Amino acid sequence: MPDDTATLGLPEPQGPAPERLSGYGAPGAAVRCGSSSPAYAALDLGTNNCRLLVGAPAHAGFRVVDSFSRIVRLGEGLAATGRLSDAAMDRAIAALGACAEKLARRPVRHFTAVATEACRRAANGAAFLARVEAETGLRPRIISAREEAELAMESCAPLLEEQDRRALLFDIGGGSTEIAWIRVPAAAPRPGQGQVPAELIGYVSMPLGVVTLAERAGASCFTQEGFHAVVDEVAAHLRRFDQVHCIGQEIRAGGVRLIGTSGTVTTLAGVALALPRYRRPLVDGRVLDIEVADQALGDLFALGRAGLAAHPCVGPERVDFVLPGCAVYAAIRRVWPVPTLTVADRGLREGMLLRMIRADRIASRDNRPYLARRHGP
C-alpha cells in the first residue's frame, strides 16, 4: 500500500541532474521508463531497509503515488566480517524483486536507485549489485557519504524557515549516521514565494548506525550503563565535528534549526504525540520542544524489550534498533542543545525524486525560449 497521501515541497536547484534511465533488459521484471508517464521512482537500498517511492509532480513538489518498505538487514554481520552474508543478500534480493515487479506494472518517467553504507563498506558489495542487476533488472548505484548528506538536505530543505540562519541535519541510518551542517542564505524567499535554498557547509559520516550498534551493544542499551556508554562514544565523534565548524557557538547565537530524519526520530515523535498507530502526515514537519522529545526518549527506554515490541510505533521487527538509535540522538542532544527538534519523515528517496522532477522542469524551461524563437508564441 502507498504511504499516507502527502505532498512534499521542491527545493531550489542543487547538485547534478540524475541520469535518465530507460529500463533494463535483464531477467525478471524490467523498469519501464518513458516520457509519457507523469510519475518518477526512487529506490534506496540501505543497511537495514529497502525502500521504494513513486511520486508524481504536484504544485511545488510531488504527490506520493506508491511506496514499498521492508526491513532486510543487509548489513547484518558486516562489521565483524567485512562482507555481506548470503542470508542478508537473499533477503535484499527478495525485496528488490518485489520493487521490480511494482515498477514493471507502473511505467515511470525516470527511475533512480542508490545503495549506501553496507554496499560502500562490504568487500563483496560490487559483486552483490551485479547479482541484483542479473536477478531483478535493477541497477543501484553506490553513492558517497557526501551525496547521501546532500540528498537528505534536499528532501528536508522545504522544512527550513525564513528566520533560520543555519540548520543541523542528522540521519541515523542502519550502518552509519550522517550529520550535515547547512547554511541558509540571508536572502531566503518569504513564505509562499518558493522554498528556502540551502548550502552544505560540511558533513560527517560516522560508522555508527542502528544495525552496527545493535550488533555490538544492543543488549546493553537496555541498561542505563550500557546506554550511556554508547552516548559517550557517539558524543566523542560529534565533538570533533563541532570543533571544526564551531556549531555550539552558532547555536548560542541563535537561528539554528535541528532537523532529524530517521526511524529513531519519527518514533520519538509518534511516542510524544501518543499516536495509536504511526501516521506520517501527523509526524513529518512536526516541531517538538526538546523537553518533549526527551520525555519520549525516557518513555521508550522505560518500556523494555517487551514493551517496545508491543508499541504501535515500534513493533517486533525494530525492537533491537530503537534504543541504539535513541543513544545516537541523545549524544546529538548533549553536544548540540538546540531548544526544538524538527522531525522529518523524508530522506534519500524524496531527495532523488525532487532532483529528477527539478531536472525535468529546468530542461523544459530552458527549451522554451528556443522553441518560441523557431515557432512563435
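Notes on the structure follow. In this text the structure is predicted, and so the values were computed from the model without any measurement. (Residues numbered from 1 in each chain as written. Predicted model: local features only at pLDDT ≥ 70, side-chain atom pairs only at ≥ 80, totals over all residues. Heavy atoms only, no water.)

**Observations regarding empty space enclosed by the protein**
(1) Moving on: According to the stated counting rule, one finds 3 cavities of 30 Å³ or more in the structure shown.
(2) Moving on: Forming the walls of the largest cavity are Glu148, Ala149, Ala152, Leu169, Phe170, Asp171, Glu178, Ile179 and Ala180.
(3) Moving on: Those elements giving two or more residues to the lining of the largest cavity turn out to be α5 (145-156), β7 (166-172) and β8 (177-183).
(4) Moving on: Taken as a whole, the second largest cavity spans an internal volume of roughly 40 Å³.
(5) Moving on: Contributions of two or more residues to the lining of the second largest cavity are made by α5 and β7.
(6) Moving on: Here the residues of the lining of the second largest cavity are counted per class, giving 9 nonpolar, no polar and no charged. (1 Å grid on protein atoms, 1.4 Å probe; cavity = no way out; pocket = protein on both sides within 12 Å on 5 of 7 lines; lining within 4 Å. Points joined across faces, edges and corners; volume = space filled by probe spheres on them. Helix = DSSP H or I, 4+ residues; strand = E, 2+ residues; numbered from the N terminus. Nonpolar A, V, L, I, M, F, W, Y, C, P; charged D, E, K, R; others polar.)

**Considering the nonpolar core**
(1) Moving on: By size, the foremost hydrophobic cluster in this structure holds 56 residues, and its most contacted members are Phe170, Leu238, Tyr329, Trp336 and Leu341.
(2) Moving on: Considering each element in turn, this core owes the most residues, 12 residues, to helix α12 (residues 319-335).
(3) Moving on: Once residues lying within four places of it in the same chain are set aside, the contact partners of Leu341 are Phe170, Leu258, Ile259, Gly260, Val265, Arg286, Val287, Leu288, Ile290, Ala293 and Tyr329.
(4) Moving on: Formed by 34 residues, the second largest nonpolar core is a distinct cluster that contains Ala39, Ala41, Leu84 and Ala118. (Core = buried A, V, L, I, M, F, W, Y, C linked by side-chain atoms within 4.5 Å. Buried < 20%, exposed > 50% of the residue type's maximum accessible area, 1.4 Å probe, protein only. Contact = heavy atoms within 4.5 Å.)

**Quick look at the pattern of salt bridges**
(1) Moving on: Counted according to the given criterion, the structure contains 28 salt bridges.
(2) Moving on: The partner of Glu133 in a salt bridge is Arg139, and the shortest N-O contact between them spans 3.2 Å.
(3) Moving on: Relative accessible area serves as the criterion here: at 28%, Glu133 is assigned to the partly exposed category.
(4) Moving on: Judged by relative accessible area, Arg139 falls into the partly exposed class, the value being 40%.
(5) Moving on: The residue Asp232 makes a salt bridge to Arg334 at a minimum N-O spacing of 2.7 Å. (Salt bridge = Lys/Arg side-chain N within 4 Å of Asp/Glu carboxyl O.)

**Considerations on the packing of aromatic side chains**
(1) Moving on: A full pass over the atoms with the stated rule returns 3 aromatic pairs.
(2) Moving on: Between Phe227 and Phe301, the ring centres sit 5.4 Å apart and the planes meet at 70°, which makes this aromatic pair edge-to-face. With Phe227 in helix α7 (residues 224-245) and Phe301 in helix α11 (residues 290-310), the pair connects residues that are 74 residues apart, well separated along the chain. Assigned by exposure class, Phe227 and Phe301 land together as buried. (Phe/Tyr/Trp six-rings, centres within 6.5 Å; stacked < 30°, edge-to-face > 60°.)

**Observations regarding helix α9 (residues 263-272)**
(1) Moving on: Of all 10 residues in α9, 8 are buried; the element is thus mostly enclosed.
(2) Moving on: Here α9 has its buried residues at Thr264, Val265, Thr266, Thr267, Leu268, Ala269, Gly270 and Val271.
(3) Moving on: Positive phi appears at Ala274, one or two residues downstream of α9, with a value of about 55°.

**Looking at the state of the cysteines**
(1) Moving on: Counting across every chain of the model gives 0 disulfides.
(2) Moving on: Looking at Cys326, it has no disulfide partner, and the nearest cysteine sulfur is the one in Cys221, 9.2 Å off.
(3) Moving on: Judged by its relative accessible area of 0%, Cys326 is buried. (Disulfide = S-S within 2.5 Å.)

**Remarks on the side chain of Asp164**
(1) Moving on: The topology assignment puts Asp164 in the loop between α5 and β7.
(2) Moving on: Overall, the relative accessible area of 7% leaves Asp164 in the buried class.
(3) Moving on: Polar contacts involving the side chain of Asp164 include one to the side chain of Arg257, which spans 2.7 Å. (Polar contact = N/O pair within 3.5 Å; in protein donor to acceptor, adjacent residues only side chain to side chain.)

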